[in-house]
Amino acid sequence: MKVSVRVPATTANLGPGFDCLGLALPVYNEITVEEQVMPGSGLEINIIEDSETYDILSIPKNEENIVYKAIELLYNFVGQSVNDIKITIKTGIPVTRGLGSSASVIVGGLIAANTLLGNPADDAVLLSIASEVEGHPDNVTPAMFGGFCLSCVEDDGSVSYSKIPWPQDWKLTVIIPDYELDTRIARSVLPENISISDAAYNIRKCALLIDAVYRQDANLMKKCLKDKIHQPYRQELIKGFKKLNETVQNKDNIIGCVISGAGPSILIISQNGGFEKIENDVKRIFEDLNVNCDIRTLNIENEGSKII
Ligand code: HSE
């Protein structure tokens, strides 16, 4: 028996919501798990590139693979050990681009393996394992449930989350550059400690951001996408981000521009065709930097992971 799961990409943080906010995008990975391998191999991992997802060769094909690690934790949770297992990842989500590709394969592997085991773990257990393996909950939560999610890891490792309806006419444009940025590097440039004033700044912005989404208030949302705890430290690593921010300031129907997750992709939120009006300016910024980009304007993905 084998089980395949389709899991969406995600964009995390949305400015002030570091390690907390994330939303799902209609770009997908497909993860298939089966308890059958070529004789004697024990673990078999296959990667199939569905589109231009780049760098798939950097994905480990041994016990270091994060999908395997997540599945192993699930088996341990139910008191079993993993014997023979075959994992196939069909990649549609660009790798190391800040679009939640690792979260998506972790979530897909867990849902598929749990189904193979007869569903011994509920969503709460799967989410908690996924968050542990990923290291933070903001990508894995919308990857699992879709939509715009707020998530928090509790002291016992469980994940509390809420899903809030995203305004239908707020479009998401992701600018995906042709270079990679490992999340570990993007996290290593962050300071160990931040000042109380920077923390308070982000708490205020993040609190108002949730209200802006809830009440679909684009004018309020425009003021809420700034942060002082990760983007100022990361922006040097994200080519074009500063210039893009200046370009979108005060443009009609542009709600804002943030680093997508840990980068290097950039997310622009707009409404009423706002992005189309600045698209040429955006393209020029990256042409001047000699950075090739894939630019996609998308709706939010509301359903999350699906067994297919
Ligand atoms: N919240 C995470 C970060 C997302 O910004 O490092 C990256 O996966």
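Below, the structure is looked at part by part.

**Structural notes on the pairing of strand E4 (residues 85–91)**
Burial analysis of E4 places five of its seven residues in the buried class, the great majority of the element. Pairing analysis gives five bridges linking strand E2 (residues 21–34) to E4, with the strands arranged antiparallel. Each bridged residue has a counterpart across the sheet, and for threonine 32 the counterpart in E4 is threonine 88. The pairing of strand E3 (residues 43–49) with E4 spans seven bridges and is parallel. Looking at the pairing, isoleucine 48 lines up with lysine 90 of E4.

**Focus on the sheet that holds strand E7 (residues 171–177)**
Backbone-to-backbone hydrogen bonds pair the strands of a sheet. The strands run either parallel or antiparallel. Spatial ordering of the open sheet is given by E8-E9-E7-E10, a layout of four strands whose pairing is antiparallel. The open sheet is flanked by strand E8 (254–259) and strand E10 (293–298), the only strands paired with a single partner. Shown here is a sheet whose adjacent strand axes are inclined to one another by a mean of 15°, direction ignored. For E7 and strand E9 (residues 266–270), the ladder comprises five bridges, and the chain directions are antiparallel.

**Some remarks on the site of the ligand**
The full set of residues close to the ligand is Asn13, Phe18, Asp19, His136, Asp138, Asn139, Thr183, Arg187, Arg234, Gly261 and Ala262. Residue asparagine 139 places a side-chain N or O atom 3.0 Å away from an oxygen atom belonging to the ligand. In the model, an oxygen atom of the ligand is placed 2.8 Å from a nitrogen or oxygen of the arginine 234 side chain. Within the complex, the protein chains bury 95% of what would otherwise be the 260 Å² of accessible surface of the ligand. Structurally, the ligand is housed in the largest pocket. For the shell around the ligand, the per-class residue count stands at two nonpolar, five polar and four charged. Residues from two domains meet in the shell around the ligand; each of domain 1 (2–165 + 302–307) and domain 2 (171–298) gives at least three.

What counts as what
- Residues numbered from 1 in each chain as written.
- Predicted model: local features only at pLDDT ≥ 70, side-chain atom pairs only at ≥ 80, totals over all residues.
- Heavy atoms only, no water.
- Buried < 20%, exposed > 50% of the residue type's maximum accessible area, 1.4 Å probe, protein only.
- Helix = DSSP H or I, 4+ residues; strand = E, 2+ residues; numbered from the N terminus.
- Pairing = 2+ DSSP bridges.
- Axes fitted to C-alpha atoms, helices over the stretch in contact; angles between N-to-C directions.
- Near = heavy atom within 4 Å.
- Polar contact = N/O pair within 3.5 Å; in protein donor to acceptor, adjacent residues only side chain to side chain.
- Areas by Shrake-Rupley, 256 points an atom, 1.4 Å probe, with all protein chains shown as cover.
- 1 Å grid on protein atoms, 1.4 Å probe; cavity = no way out; pocket = protein on both sides within 12 Å on 5 of 7 lines; lining within 4 Å.
- Sits in = over half its atoms within 2 Å of the grid points.
- Nonpolar A, V, L, I, M, F, W, Y, C, P; charged D, E, K, R; others polar.
- Domains from an automatic or database assignment.

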